[in-house]
Amino acid sequence: MNDSAADLLGTRLVALDWGTSSLRAYRLGDGARVLELRHRPWGIMHLPPAPAGADASPEAAFERALQDTCGDWLAADPALPLLACGMVGSAQGWREARYLHTPTSLDALAQGLTRVERPGGQPLHIVPGLLQPGELPNVMRGEETQVLGVLALRPAEDAGPWLVGLPGSHSKWVVAGRSGIAGFHTFMTGEVFAALRGHTILGKTMAPAAPPHDDAFVRGLRVASGRDAGLGLLSHIFSTRTLGLTGVLPASAQADYLSGLLIGHEIAALARVHPPGGGGAAPVQPLLCGEPDLCRRYALALRMQGFAEPAIAAQATPTGLWQIAQAAGLLVPGAPQPSSAESFAA
């Protein structure tokens with residue numbers, strides 16, 4: 001046995017979080033333990049170019065990205081199972097993985113995997129995305145796997161229901177329980193913030209802030225839920241400019257104020273649909289999973305709207321991929337389950 005193969009003996013699953021702009025590859029050991037993480041810029045919209053005379057097909061480009069990222073893992077053990085989630089399963093991805101309708105469960109996701117045959121290697125399995133049908137349909141790809149990971153790491157005695165927040169460019173709020181995912185909401189908060197800051201007059205008077213202006217952020221939260229809340233977001237965002245023109249907000253605080261307005265309106269809308277006190281039903285427990293400082297801001301917004309202090313999860317995607325792989329029979333039976341002991345913080 002060569003040294004490379006010996007180093008990889010504990011590997012049980014190659015788990016891929018494959019999005020639009022990047023690819024994260026996890027080498028997982030027993031119990032979803034991350035043995036190694038690699039990050040490459042090979043999102044589905046930016047794949048490695050074909051060398052002169054090589055196969056230039058999209059399928060070959062995806063295979064090159066895979067080989068560049070973790071080809072040595074696969075060469076050391078050709079029997080390793082491969083499981084991916086995210087935009088790699090979109091219509092622009094390696095192979096389209098059809099959406100499953102909500103509500104859905106871990107078993108349904110595991111049974112709905114799309115199989116991609118690879119010449120000379122193990123097939124790649126792709127997790128389906130979710131479609132919430134209705135007059136205003138909603139979709140997600142990749143977040144369903146994060147949510148399964150978050151739920152797997154909750155203590156066994158915690159029965160839910162939960163409201164799992166995944167803040168980002170398109171923030172997702174997923175209603176879930178032990179039986180699976182019931183439904184979800186999407187808010188384009190992060191993308192709208194970037195667009196307003198970079199492409200409107202609001203950004204002309206803003207200056208970088210280091211450290212963040214938490215007071216300005218809280219001011220934005222209060223405006224979003226205060227006595228003038230009925231005027232709505234489109235009115236409130238203009239106050240970013242007027243508070244600057246009148247000298248109330250310095251240039252370095254205006255971006256944080258705008259962030260508070262947008263996140264405040266997002267959480268206020270969420271509170272109307274899912275009242276923190278339950279509104280006669282069992283109240284949902286908020287959970288957060290994402291970039292730490294952004295989760296800190298969302299936790300503050302949740303508390304101001306009357307929600308309980310949210311727990312914050314880490315490393316949810318590899319845990320979710322492990323759960324799906326096990327439910328799909330891709331792993332050796334009896335492999336240990338992940339522990340919640342070090343994965344959540346109150």
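Criteria and thresholds
- Along each chain, numbering runs from 1 in the same order as the chain's sequence is written.
- This being a predicted model, a pLDDT of at least 70 is required before a residue's local features are given, and a value of 80 or more before pairs of side-chain atoms are given or counted; all residues contribute to the totals for chains, interfaces and linings.
- Working from all heavy atoms in the structure, the side-chain values ignore hydrogens and water.
- A side-chain nitrogen of Lys or Arg and a carboxyl oxygen of Asp or Glu constitute a salt bridge if their distance falls within 4 Å.
- Numbering goes from the N terminus for both helices and strands, where a helix is a DSSP run of H or I of at least four residues and a strand is a run of E of at least two.
- For the exposure calls, accessible area comes from a 1.4 Å probe over protein chains only, and a residue counts as buried if that area is under 20% of its type's maximum, exposed if over 50%, partly exposed in between.
- Paired strands, as defined in this entry, are two strands with at least two bridges between them according to DSSP.
- Helix axes are fitted only over the stretch in contact, all axes being lines through C-alpha atoms; the angle between N-to-C directions runs from 0 to 180 degrees.
- By definition, residues are in contact when any of their heavy atoms lie within 4.5 Å.
- Here a Phe, Tyr or Trp ring, Trp counted by its six-membered ring, pairs with any other such ring whose centre lies within 6.5 Å, and the pair is stacked when the planes are under 30 degrees apart, edge-to-face when over 60, and tilted otherwise.
- Criterion for a charge above a ring: Lys NZ or Arg CZ within 6 Å of the ring centre, and within 35 degrees of the ring normal.
- Only a pair of cysteine sulfur atoms within 2.5 Å counts as a disulfide in this structure description.

Colleague: What exactly am I supposed to notice about the pattern of salt bridges here?
Modeller: With the rule as written, the count across this model stands at 14 salt bridges. Its salt-bridge partner being D293, residue R297 comes within 3.8 Å of it at the nearest N-O pair. Linking R297 with D293, this pair stays in helix 10 (residues 292-304), spanning four residues, or about one helical turn. The exposure class assigned to R297 is buried, which follows from its relative accessible area of 7%. Overall, D293 belongs to the partly exposed group, its relative accessible area being 30%.

Colleague: Explanation requested: the sheet that holds strand 3 (residues 33-40) in the structure shown.
Modeller: What links the strands of a sheet is backbone hydrogen bonding, and the strands pair in either a parallel or an antiparallel sense. Spatially, 3-2-1-4-7-6 is the arrangement adopted by the six strands of the open sheet, whose pairing is mixed. The open sheet has two edge strands, strand 3 and strand 6 (114-118), and neither has a second partner. Ignoring which end each strand starts from, the neighbouring axes of this sheet average 20° apart. Taken together, the four bridges between strand 1 (residues 13-18) and strand 4 (residues 82-85) define a ladder with parallel strand orientation. The residue bridging L16 from the neighbouring strand is A84, located in strand 4. The strands touched by helix 2 (residues 58-76) are strand 1, strand 2 (23-29), strand 3, strand 4 and strand 6; relative to strand 1, the strand with the most contacts, the crossing angle is about 145°.

Colleague: Mind showing me how you'd approach the packing of aromatic side chains here?
Modeller: Aromatic rings considered in pairs are described by the distance between their centres and by the relative angle of their planes. By the definition in use, this model includes four aromatic pairs. Relative to Y298, the ring of W173 has its centre 6.2 Å away and its plane inclined at 45°; by these criteria the two rings are tilted. Within this pair, whereas W173 is found in strand 11 (residues 171-177), its partner Y298 is found in helix 10, the two being separated by 125 residues in sequence. The class for W173 is buried, based on a relative accessible area of 1%. A connected cluster of aromatic rings, assembled from ring pairs, spans W18, F62 and W94. A cation over a ring is seen here: R141 above Y99, with NZ or CZ 4.3 Å from the ring centre. The lysine or arginine in question, R297, covers the ring of F217, its NZ or CZ lying 4.6 Å from the ring centre.

Colleague: What's the story with the state of the cysteines in this structure? I'm lost.
Modeller: Simply put, disulfide is the name for a covalent bond between the sulfur atoms of two cysteines. Following the criterion strictly, the structure yields zero disulfides and no others. Of all cysteine sulfurs, the one in C85 lies closest to C70, which takes part in no disulfide; the gap is 14 Å. The class for C70 is buried, based on a relative accessible area of 0%. Of all cysteine sulfurs in the structure, the one in C289 sits closest to C85, which takes part in no disulfide; the separation is 12 Å. Owing to a relative accessible area of 0%, C85 belongs among the buried residues under this scheme.

Colleague: What should I look at first to understand the pairing of strand 13 (residues 285-289) in this one?
Modeller: The side chains of a regular strand alternate, residue by residue, between the two faces of the sheet. The buried fraction of strand 13 amounts to four of the five residues, a majority that puts the element mostly inside the structure. Sheet topology note: the strand 10 (residues 162-166)/strand 13 ladder contains four bridges and is parallel. Bridged to W162 within strand 13 is Q285. Where strand 13 meets strand 14 (residues 311-313), three bridges bridge the pair, whose relative direction is parallel. Within strand 14, the position partnered with C289 by the bridge is A313.

Colleague: Explain unusual backbone geometry to me, please; I cannot follow it from the model alone.
Modeller: Cis geometry is found at the peptide bond from G160 to P161, where omega equals 0°. Examined against the element boundaries, P161 turns out to sit in the loop between helix 4 (143-152) and strand 10. Positive phi outside glycine occurs at A32, with the angle close to 70°. Positionally, A32 belongs in the loop between strand 2 and strand 3. Its relative accessible area of 7% is what places A32 among the buried residues.

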